[in-house]
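What follows is the residue order along each chain.
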Amino acid sequence: TKQKSLAANNPTINFKQILDEVYKKHVLGVGDITERVKLIKQHVENNQSISFEDVCFVFQLKQKLIEQSQ
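All figures in this text were calculated on a predicted structure; none of them were measured in a lab.

Quick notes on the rules
Residues numbered from 1 in each chain as written. Predicted model: local features only at pLDDT ≥ 70, side-chain atom pairs only at ≥ 80, totals over all residues. Heavy atoms only, no water. Helix = DSSP H or I, 4+ residues; strand = E, 2+ residues; numbered from the N terminus. Buried < 20%, exposed > 50% of the residue type's maximum accessible area, 1.4 Å probe, protein only. Contact = heavy atoms within 4.5 Å. Core = buried A, V, L, I, M, F, W, Y, C linked by side-chain atoms within 4.5 Å. Axes fitted to C-alpha atoms, helices over the stretch in contact; angles between N-to-C directions. Parallel < 35°, antiparallel > 145°, perpendicular 65-115°, else oblique. Left-handed = near helix turned anticlockwise from the far one by under 90°. Nonpolar A, V, L, I, M, F, W, Y, C, P; charged D, E, K, R; others polar. pLDDT = per-residue confidence, 0-100.

**Quick look at the overall build of the protein**
Here's step 1: When helices and strands are counted, the protein shows four helices and zero strands.
Here's step 2: Reading the protein from its N terminus to its C terminus gives the helix and strand order α-α-α-α.
Here's step 3: When the 70 residues of the protein are sorted by exposure, 23% land in the buried category.
Here's step 4: Intrachain contacts of the protein at a sequence separation of at least 6 include 52% that bridge at least 24 residues.

This is the structure:
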């Protein structure tokens with residue numbers, strides 16, 4: 001059986017780009033979401049690991065941006 005690799009998934013490959021988009025949209029705000037996005041971005045830029053929850057959080061914010069633009 002051929003299994004799909006998460007690393008071969010387009011959004012996964014473009015995680016840094018997605019994080020940058022989410023960061024640009026939320027950096028102007030104030031609150032927990034902004035602080036969490038800033039912290040995640042800082043960790044990624046410093047090649048530090050982030051939690052699975054943080055990865056999901058970024059993808060959820062990206063999905064919310066897509067829904068808002070429709």
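**Re the nonpolar core**
Here's step 1: Ranked by size, the top nonpolar core spans eleven residues in total: Phe-15, Ile-18, Leu-19, Val-22, Val-37, Ile-40, Val-44, Phe-57, Val-58, Leu-61 and Leu-65.
Here's step 2: Put simply, the parts of the chain that give this core at least two residues each are α2 (15–26), α3 (32–45) and α4 (52–69).
Here's step 3: Ignoring anything within four residues of it in the chain, the contact list for Ile-40 reads Leu-19, Ile-50, Asp-54, Phe-57 and Val-58.

**What to know about the packing of α3 against α4**
Here's step 1: One can describe the packing of α3 onto α4 by two numbers: an axis separation of 11 Å at closest approach and a directional angle of 120 degrees. Comparing their axes, α4 and α3 come out oblique. Both α3 and α4 take part in a crossing whose hand is left-handed. Taking contact as the criterion, the partners of Ile-33, Arg-36, Val-37 and Ile-40 in α3 are, on α4, Glu-53, Asp-54, Phe-57, Val-58 and Leu-61.
Here's step 2: Classifying every residue of the contact of α3 with α4 gives six nonpolar, no polar and three charged.

**Looking at the confidence of the model for the protein**
Here's step 1: Looking at the protein, pLDDT values average 82 and 77% of them are 70 or higher.
Here's step 2: Confidence, read as mean pLDDT per element, is least for helix α1 (residues 10–13) in the protein (65) and greatest for α3 (91).

**Quick notes on unusual backbone geometry**
Here's step 1: Although it is not a glycine, Asn-47 sits at a positive phi angle of roughly 55 degrees.
Here's step 2: Inspection of the secondary structure assignment puts Asn-47 in the loop between α3 and α4.
Here's step 3: For Asn-47, a relative accessible area of 73% translates into the label exposed.

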